[in-house]
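Architecture and fold: a report
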Amino acid sequence: MPDTNRSASGVLGGLAGLVGLSAVAGVLVAATVTPAIALSGAAATSAITMFDNLPSVLEIEKLMLPTTLYVKTDPTKDDYVVMTQFYDQNRSPVEWNEVSPLMYDAILSSEDPRYYQHGGVDLIGTTRAVMSNLRGGGETQGGSTISQQYVKNILVQRCEAQAETEEAKLDCWTQATTAVGDEGIQRKLQEMRYAIALEKKYDKETILLGYLNIANFGGRTYGIEAAAKRYFGVSAKDLTISQAATLAGIVQNPNRYRIDMTGGSIVDADGVAYNKAPDGLIDDVNPDQIAALTSKLEAGEITQEQYLAAADGYSSTKGRQLYVLTRLLDDGKITQEQYDAAVIEPITPKVTAPKDGCVQAKGMEYFCQYVRYVIERDPAFGATQEERTSNLRRGGLNVYTTLDLRLQNEAQTTMNTLAPSSVPGGYFGATSMSIEASTGRILAVAQNTKFSETITGDPNYSSIVYAGDLQFGGSRGFSAGSTFKLFTLIDWLEKGHSVNEVVNGRNRVIPQFPDSCYNGGMYYNADWNPKNFRNQAGYVGTPMQFTRDSLNTGYLAMASELDLCDIGKAATRMGVKLGTGDDIVMTGPNKVIGDDAISPLAMAAAYATVANKGVYCQPQAIDRVTDSDGKEIAKPQRSCSQVIDPAVAATAAYAFEGVMQPGGSAYPGNPFDGTPVMGKTGTHEETHTWIVESSTKVTTAVWTGNVTGEISLYDKYWTGSYEPLSRIRFQMARQLQHLANQLYGGDRFPGPDSNLSRQVYTDLPNVVGKTMDEARQILRGAGFEVVDGSPVDSDMASGLVAAQNPGAGRVAGGTVVTISPSNGQGLTVPDVAGKPLERAIADLRKAGFGNVVAGTCAVDAAADPAGQATATTPAAGTVTNRNSAITVNYSAPDCGGGGNGNGGGNGGGNDG
């Protein structure tokens, strides 16, 4: 191994190299102009001066490094594993002692055998290469030292860091490697100048290690550690002689000698094979060749190593390896025995595909994609799109995510078991997710489709994150259905209403809805008569009942007593926007029952706000971020804030707890494991179904539905399930919430506020005697629904209100009042008690009653012998129809038969 510190001879060599090269450079430059003429002293001096004036300061910038996403295997421990990486250059920088000494020997013997004798430029090698290139007729020779190659790679990386296209990147490499013509010689001289300056500033070991960390080893594999793992599945410190010699040989022409190929075809990180063009660059696909080898591999006829080594056995790479081995032997770095063993050993790569992109984040692809969107679009990672993308693919960031692998594995396993990746006739989608209520940390995201960013037109594949929105996920959200009723309930409570207040939730056309955001402040509804799910009948009830039953007509009745604009503002305060990122605008009462498309993540965070005592926490997928040096840097700003009063939140939770109990619409999703949960279901036109449920610790949201199309989930079954697609949400939510309850626990929700859960009464006006129109106006103005009853007998003028039910007084709010008009045929029965029977009958007939008869006789010795009226049926004071029969009961000393009995017929006395 070389000495750690630079020797005195190395320093002197650097000085001598500078002086000597200055003179040689003059000769070389002049030779390109007058190759056949001997140079004058003046010409040589001029060339030397030009070389000395070239820039000599080259800053070694940070390497392009992959950004790595990490996930904890157990949130209770500080034990992270790699989820995936994103990179333009797959590189893992290592320290000096993390590279096998065999690798240092192999690279020096083959690329720069006089490395420890020159000062940055090997005059012998450079002169030989330049003269050979000037003569032409053969392969261009580089003659570059390790220091010069390091300089070249630094310049290429600096250029590539600013390149925005693949063509621009290729041009960076072409410009740095072309050594033909005046520009080529100029670049070569600049490269020499930088190399000499580099050796004056850094020791040999730093330069050599820097070169091995920056060098390209084919495709997107950069640096010795990534190359060792890519091609042989080992770390750089564990390379064998044969492996080290192979890698040292690759650097001369990386894409020609790379060994992740099959019979001349390159296999990329995703297993896709390409032919190599004659210049070593990737060319077109050879499907027949790859298909034949793949069939043998899948049939077990060949191993993965044989698959890769098939056809030509890497003959060109083997030839280059033999050259390196020979140089090692000549330099005395290996023995003859080691040489012989390495020579006869075939190149047998163990190609290991590095993790790159979310397709490699197995079982976590859609959470990974969400994080990728955050990095690419959140200003914490750069002020511009270009800067953020560069940081993602080149910045070497370490991103520690919020994902809980325990929940994630359960969520994705359940998803794979219950939800098909597609159904005939449309694009079916499903997603489940969990967030921590008190922090907004996203704990799990599962999806039914297979992840791919390249396959289009196949409903089984998608790169869109259904749980997210357009900004973070590429999704526009889905119609929220009745889960959106949350915001009407919140506004209801904030206005001081009670969950036990009686409201008329019957099916009806509600003519107007207050809306301060709408022109004129009122939304007028002409004829929209919404229905309840599957035509369920509406009823007069309370918000507690409406919430339990998810009654559309009940919630619309509540909204008619509020302000639609304020309902939208409640949603906004709780973090909800449209999936497109636009603000919620309540343009009509249909918005109350969830017509807008919202992301599942936004709905989960809103319900988490209720569970978290009114504190809304912005969803976050990243716990912390460090740079490539491990230094903590700012992560995306996410915060928690009190957006609704704790009493309102507690009362809303009380109402939503009822939804999870027997009889409630979300009852099938309750895990019933002892942890209190609250929640809400949602359905939109039978094409989208939801359930959002929460403990005080974790909120779970599940959406299933049509990504595009209008398949009815209530009529669609899929193989292996006895239930329609509309019901798989319940089992998903139940299983995921159950595990969340086991892992995170949960407390009892605070009890409802006494004022917001009170029984509410209101004054019912007396409208008897009013015209029917007057009565309706008075009652509706007081907040009552009015129903017209049948005409009743009354002595009032026809058409006036003769009766109302219930009568005037204190009644429950929302009571339906029936008003009945007078038919004009009613008379008041006069009081004839005490009058002689015949006089009583005469007075009744005189009052207008035409059908008066004697009734029951009671013996009374003191009564008038001819009979004395005691009462009438109907009773005195009763209003009854003039044609109704009036019976006069009476008493007499003798009713006939010696006791109580019926009197005679038409008002005559007793027959005796």
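Below you will find a few notes about this structure. Here the residue numbering is sequential within each chain, running from 1 through the sequence in written order. Where local features are concerned, this predicted model is filtered to residues with pLDDT of at least 70; where side-chain atom pairs are given and counted, the filter is 80 or more; whole-chain, interface and lining totals use all residues. Hydrogen atoms and water are omitted, and side-chain values are computed over all heavy atoms in the structure.

This brings us to the sheet that holds strand β26 (residues 801–805). For two strands to pair, DSSP has to find at least two bridges joining them. Only DSSP runs of H or I with at least four residues qualify as helices, and only runs of E with at least two residues qualify as strands; both kinds are numbered from the N terminus onward. Ordered in space as β25-β28-β26, the three strands form an open sheet in which the pairing is mixed. Of all strands in the sheet, those bounded by a partner on one side alone are β25 (785–788) and β26. Strand-to-strand, the axes of this sheet are offset by a mean angle of 30 degrees, without reference to chain direction. In this sheet, strand β28 (residues 816–821) lies alongside β25 in parallel orientation, the contact comprising four bridges. Bridge pairing in β28 places Val787 opposite Thr818. Each of β25, β26 and β28 is contacted by helix α26 (residues 772–781), which is oriented at about 170 degrees to β28, the strand it contacts most. Fitted lines through C-alpha atoms give the axes, limited to the stretch in contact for helices. The angle between two N-to-C directions lies from 0 to 180 degrees. The criterion used for residue contact is that any of the two residues' heavy atoms lie within 4.5 Å.

Moving on: the pairing of strand β21 (residues 678–684). Counting buried positions along β21 gives six out of seven residues, so the element sits mostly inside the fold. Bridge count between β21 and strand β22 (residues 688–694): seven bridges; the pairing is antiparallel. When the sheet's bridge partners are listed, Thr681 is paired in β22 with Ile691. Hairpin connection between β21 and β22: a loop of three residues separates the two successive antiparallel strands, and Glu685 in this loop has a positive phi of roughly 50 degrees. Only protein chains enter the accessibility calculation, which uses a 1.4 Å probe; a residue whose area is less than 20% of its type maximum is buried, one above 50% is exposed, and one in between is partly exposed.

This brings us to the state of the cysteines. Pairs of cysteine sulfur atoms within 2.5 Å are identified as disulfides in what follows. Under the defined criterion, the tally for this structure stands at five disulfides. For Cys517, the disulfide goes to Cys565, at an S-S distance of 1.6 Å. Of this pair, Cys517 sits in the loop between β13 (512–514) and β14 (522–524) while Cys565 sits in helix α22 (residues 564–573), and the two are 48 residues apart along the sequence. On the accessibility criterion, Cys517 (53% relative accessible area) is exposed. The connectivity of the disulfides in the protein is 1-2, 3-4, 5-6, 7-8, 9-10, where the numbers refer to bonded cysteines in sequence order.

Next up on the list: the environment of Thr246. Looking at the element boundaries, Thr246 is found in helix α10 (residues 241–250). Separated by 78 residues in the primary sequence, Thr246 and Val324 place their C-alpha atoms 7.8 Å from one another. Not counting residues up to four positions away in its chain, the partners in contact with Thr246 are Phe232, Ile259, Thr317, Gln321 and Ile347. Polar contacts here mean pairs of N or O atoms no more than 3.5 Å apart (in protein, one a potential hydrogen donor and the other a potential acceptor; neighbouring residues in sequence count only if both atoms are side-chain atoms). Polar side-chain contacts of Thr246 include one of 2.8 Å to the backbone oxygen of Ser242.

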